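Close look at the chain arrangement
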Amino acid sequence: MTPDEAALVITSYYFAPAGGEGWGVTHEDFAQAARGRWPNCTTALAEDPSGVGECTEFAMIFEGGAERSGDYSHTGLTLSGYTALDAAEFMSWFVTMLDPDVRVLFNNRESIEDGDYDDHVLPRAMGLRPMAEALATHLAGALLGE
């Protein structure tokens, strides 16, 4: 499978700030900014799936009608049911709220299921295309068993 083919596979992506630090974005600021970016975005404060603290659950419809959802917490972000292209679009928006020094780590469901627990650095400074390529290339490796 090529990265171009992997870019269209729907999966879950996981993001976290390097070093276990927090994002530095409140739940309220995240929810308000998400609704500003995607007017059809719905948000709800809930218990974090890990059982520690709170998370903001969100859902929206991307251009083209794709429904996407996820969970935001101070130390992680899960995007469920995303293609690499959709995840890169979301993350290119999200990183604008972060301090420029925050390194963003990522992984995907298939890689984790294959035992790849290493975090990979998202190339956030270069924009949407490098992010999409990094996410798709990593996913392609997992789907090929590399």
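Description of the structure in this document.

Reading the values: rules and limits
- What you see as residue numbers is a count from 1 along each chain, following the sequence as written.
- Totals for whole chains, interfaces and linings use every residue, but because this is a predicted model, local features are given only for residues with pLDDT of at least 70 and side-chain atom pairs only at 80 or more, for both listing and counting.
- The basis for every side-chain value is the complete set of non-hydrogen atoms in the structure, without hydrogens or water.
- Working definition: a ring pair exists when centres of Phe, Tyr or Trp rings (six-membered ring for Trp) sit within 6.5 Å. Plane angles under 30 degrees give stacked, over 60 give edge-to-face, the rest tilted.
- Numbering of helices and strands runs from the N terminus, with a helix taken as a DSSP run of H or I at least four residues long and a strand as a DSSP run of E at least two residues long.
- Remark: exposure states derive from per-residue accessible area (1.4 Å probe, protein chains only) relative to the maximum for the residue type, with buried under 20%, exposed over 50%, and partly exposed in between.
- Should the NZ of a Lys or the CZ of an Arg lie within 6 Å of a ring centre and within 35 degrees of the ring normal, that charge is described as sitting over the ring.
- Take the buried Ala, Val, Leu, Ile, Met, Phe, Trp, Tyr and Cys residues and link them wherever side-chain atoms come within 4.5 Å; each set so joined is a nonpolar core.
- The contact definition used throughout considers only heavy atoms, calling two residues in contact when any of these lie within 4.5 Å.
- In protein, a polar contact means a hydrogen-donor-capable atom and an acceptor-capable atom, both N or O and within 3.5 Å, with residues adjacent in sequence counting only if both atoms are side-chain atoms; elsewhere, any N or O pair within 3.5 Å suffices.
- For two strands to count as paired, DSSP must find a minimum of two bridges between them.
- The axes used here are C-alpha line fits, helices contributing only the stretch in contact, and every angle between their N-to-C directions lies in the interval 0 to 180 degrees.
- Small angles under 35 degrees read as roughly parallel and large ones over 145 as roughly antiparallel, with 65 to 115 read as roughly perpendicular and the rest as oblique.
- Crossing handedness: left-handed means the near helix sits turned counterclockwise from the far one by under a right angle, and right-handed means the same turn made clockwise.
- Three classes are used: nonpolar for Ala, Val, Leu, Ile, Met, Phe, Trp, Tyr, Cys and Pro, charged for Asp, Glu, Lys and Arg, and polar for all others, with Gly counted as polar.

**Focus: the packing of aromatic side chains**
Under the defined criterion, the tally for this structure stands at 14 aromatic pairs. Between F30 and F94, the ring centres sit 6.1 Å apart and the planes meet at 65 degrees, which makes this aromatic pair edge-to-face. Taken together, the positions of F30 in helix α2 (residues 27-37) and F94 in helix α3 (residues 84-94) put the pair 64 residues apart, joining distant regions of the chain. The class of F30 is buried, set by a relative accessible area of 0%. F94 gets classed as buried once you look at its relative accessible area, which sits at 0%. One aromatic cluster in this structure is built from W23, F30, W38, F58, Y72, Y82, F90, W93 and F94. We note R68 situated over the ring of Y82; from NZ or CZ to the ring centre the distance is 5.9 Å.

**Overview of the nonpolar core**
Residues F15, F90 and M91 are the most contacted members of the largest nonpolar core, which totals 37 residues. Non-local contacts of M91, meaning those with residues more than four positions away in its chain, are made with F15, L77, L79, V104, L122 and M131.

**A short note on the environment of H138**
Relative to the helices and strands, H138 is located in helix α5 (residues 128-143). Here H138 falls in the buried class, since its relative accessible area comes to 14%. Each C-alpha atom, one on H138 and one on S111, is 8.0 Å from the other, the two residues being 27 residues apart in sequence. Those residues in contact with H138 that lie beyond four places of it in its chain are F106, N107, N108, S111, D116 and H120. At a separation of 3.0 Å, a polar atom in the side chain of H138 contacts the side chain of S111.

**Digging into the sheet that holds strand β1 (residues 11-17)**
Taken in spatial order, the 7 strands of this open sheet run β2-β3-β4-β5-β1-β6-β7, and their pairing is antiparallel. Each edge of the sheet is formed by a strand with only one pairing partner; in this case those strands are β2 (42-47) and β7 (120-121). Across 2 bridges, the pairing between strand β6 (residues 104-108) and β7 is antiparallel. Across the sheet, residue L105 finds its bridge partner in β7, namely V121. The strands touched by α2 are β2, β3 (54-61) and β4 (67-73); relative to β3, the strand with the most contacts, the crossing angle is about 0 degrees. Across the sheet, α3 is in contact with β1, β3, β4, β5 (76-82) and β6; its angle to β5 comes to roughly 145 degrees.

**Regarding the side chain of N107**
Here N107 is to be found in strand β6. At a separation of 3.1 Å, a polar atom in the side chain of N107 contacts the side chain of H138. The residues contacting N107, other than those within four sequence positions of it, are S12, Y13, Y14, I112, D116, Y117, D118, H120 and H138.

**Points about the packing of α2 against α3**
Contact geometry of α2 with α3 gives a least axis separation of 11 Å together with a crossing angle of 120 degrees. Judged by the angle between their axes, α2 and α3 are oblique. When the axes of α2 and α3 are compared, the crossing they make is right-handed. Counted together, F30, A33, A34 and R37 of α2 and E89, F90, W93 and F94 of α3 form the full contact between these two elements. When the residues that make up the contact of α2 with α3 are grouped by side-chain class, the tally is 6 nonpolar, no polar and 2 charged.

These figures capture arrangement, not role.
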